[in-house]
Amino acid sequence: MHITYERPDTLGDEQTDPNAPAADMAPGADVDPRVHVCGATTHDVDGTRWTCTRRPGHDDDEHRAVFDRYHGGPVGHVAFAWQYEWGGAGHGPSFTEPMTTVTVTVRFPQSAWTNEQLPEHIADEVRSVFWECDHDDIDVTTTATSTV
């Protein structure tokens, strides 16, 4: 993730930032929480979760989250903006073929197998170590075999 805007800490809760990007909210999203928005999410450095309030399918890769009544700041003004790709929309990953392959073998007694979803859980855990924007470019294959 590449942060493109973060509200300065030096501003008071109701002070607006003239350098903030336009909110570009989905029409009606500021008054009706049922309005469909982009919905992409991320977390900033202090762990605050932000959700993109722009319209679904906005034209560029920049996601923008505005303050609401639950976040301290001027409601309806951009608090946090980010992109998933450093180059912006359309640039995608540098290579379409994997650059690195890591092979991991996990061996455990059959009695430890407590969940039929184990291969999928292992794959999800592997993906979790990568930046959230890279998940589409990570290929994790799990195969469960038994020696019994």
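See the structure above.
All figures in this text were calculated on a predicted structure; none of them were measured in a lab.

1. Side note on the overall build of the chain
Point 1. Looking only at helices and strands, the chain features one helix and five strands.
Point 2. Scanning the chain from its N terminus toward the C terminus, one meets helices and strands in the order β-β-β-β-β-α.
Point 3. Taken over 148 residues, the chain has a buried fraction of 24%.
Point 4. At a minimum sequence separation of 6, the contacts of the chain that also span at least 24 residues come to 44%.
Point 5. For the chain, the computed accessible surface area is about 10800 Å², with 51% contributed by carbon and sulfur atoms.

2. Details of the packing of aromatic side chains
Point 1. One pass over the structure, following the stated rule, counts four aromatic pairs.
Point 2. Ring centres 5.9 Å apart and planes at 35 degrees place the aromatic pair phenylalanine 80 and tryptophan 82 in the tilted group.
Point 3. Residue classification places phenylalanine 80 among the buried residues on the basis of a relative accessible area of 0%.
Point 4. Put simply, the rings of Trp50, Phe67, Phe80 and Trp82 touch in pairs and so form one group of aromatic residues.

3. Notes on the nonpolar core
Point 1. One finds Met1, Ala40, Trp50, Cys52, Ala65, Phe67, Ala79, Phe80 and Trp82 forming the largest nonpolar core, which totals nine residues.
Point 2. Looking at this core element by element, the count peaks at three residues for strand 5 (residues 78–83).
Point 3. Those residues in contact with alanine 79 that lie beyond four places of it in its chain are Tyr5, Glu6, Arg7, Trp50, Ala65, Val66 and Phe67.
Point 4. Ala23, Val66, Val78 and Ala81 belong to the second-largest nonpolar core, a separate cluster that totals five residues.

4. Considering the side chain of histidine 58
Point 1. Here histidine 58 is to be found in the loop between strand 3 (49–51) and strand 4 (62–66).
Point 2. At a separation of 2.8 Å, a polar atom in the side chain of histidine 58 contacts the main-chain carbonyl oxygen of aspartate 60.
Point 3. The residues contacting histidine 58, other than those within four sequence positions of it, are Cys38, Cys52 and His63.

5. A word on the pattern of salt bridges
Point 1. The tally for this structure, following the rule as stated, stands at five salt bridges.
Point 2. Aspartate 59 serves as the salt-bridge partner of arginine 55, at 3.7 Å between the closest nitrogen and oxygen.
Point 3. A residue is classified by how much of its surface remains accessible, and aspartate 59, at 71% relative accessible area, is exposed.
Point 4. Arginine 64 is paired through a salt bridge with glutamate 62; the nearest N and O atoms lie 2.7 Å apart.
Point 5. Among the residues examined, arginine 64 registers a relative accessible area of 12% and is labelled buried.
Point 6. Several salt bridges share partner residues, and in doing so they unite Asp24, Arg54, Arg55, Asp59 and Asp60 into one network.

Definitions and limits used
- What you see as residue numbers is a count from 1 along each chain, following the sequence as written.
- Residues qualify for local features only when their pLDDT is at least 70, as the model is predicted, and side-chain atom pairs are given and counted only at 80 or more; totals for whole chains, interfaces and linings, by contrast, use all residues.
- As a rule here, side-chain values cover all heavy atoms of the structure and leave hydrogens and water aside.
- Where helices and strands are cited, they refer to DSSP runs of H or I of at least four residues and of E of at least two residues respectively, numbered from the N terminus.
- Relative accessibility under 20% of the residue-type maximum defines a buried residue, over 50% an exposed one, and the middle range a partly exposed one, all with a 1.4 Å probe and only protein chains included.
- The contact criterion used throughout is that any non-hydrogen atoms of two residues lie within 4.5 Å.
- Per-residue and other accessible areas were derived by the Shrake-Rupley procedure at a 1.4 Å probe size, with only the shown protein chains allowed to occlude residues.
- Here a Phe, Tyr or Trp ring, Trp counted by its six-membered ring, pairs with any other such ring whose centre lies within 6.5 Å, and the pair is stacked when the planes are under 30 degrees apart, edge-to-face when over 60, and tilted otherwise.
- Among the buried residues, those of types Ala, Val, Leu, Ile, Met, Phe, Trp, Tyr and Cys that are joined through side-chain atoms within 4.5 Å form a nonpolar core.
- Here a polar contact is taken to be a pair of N or O atoms separated by no more than 3.5 Å, where protein atoms must pair a possible hydrogen donor with a possible acceptor and residues adjacent in sequence count only if both atoms sit in side chains.
- We define a salt bridge as a contact between a side-chain nitrogen of Lys or Arg and a carboxyl oxygen of Asp or Glu at a distance within 4 Å.

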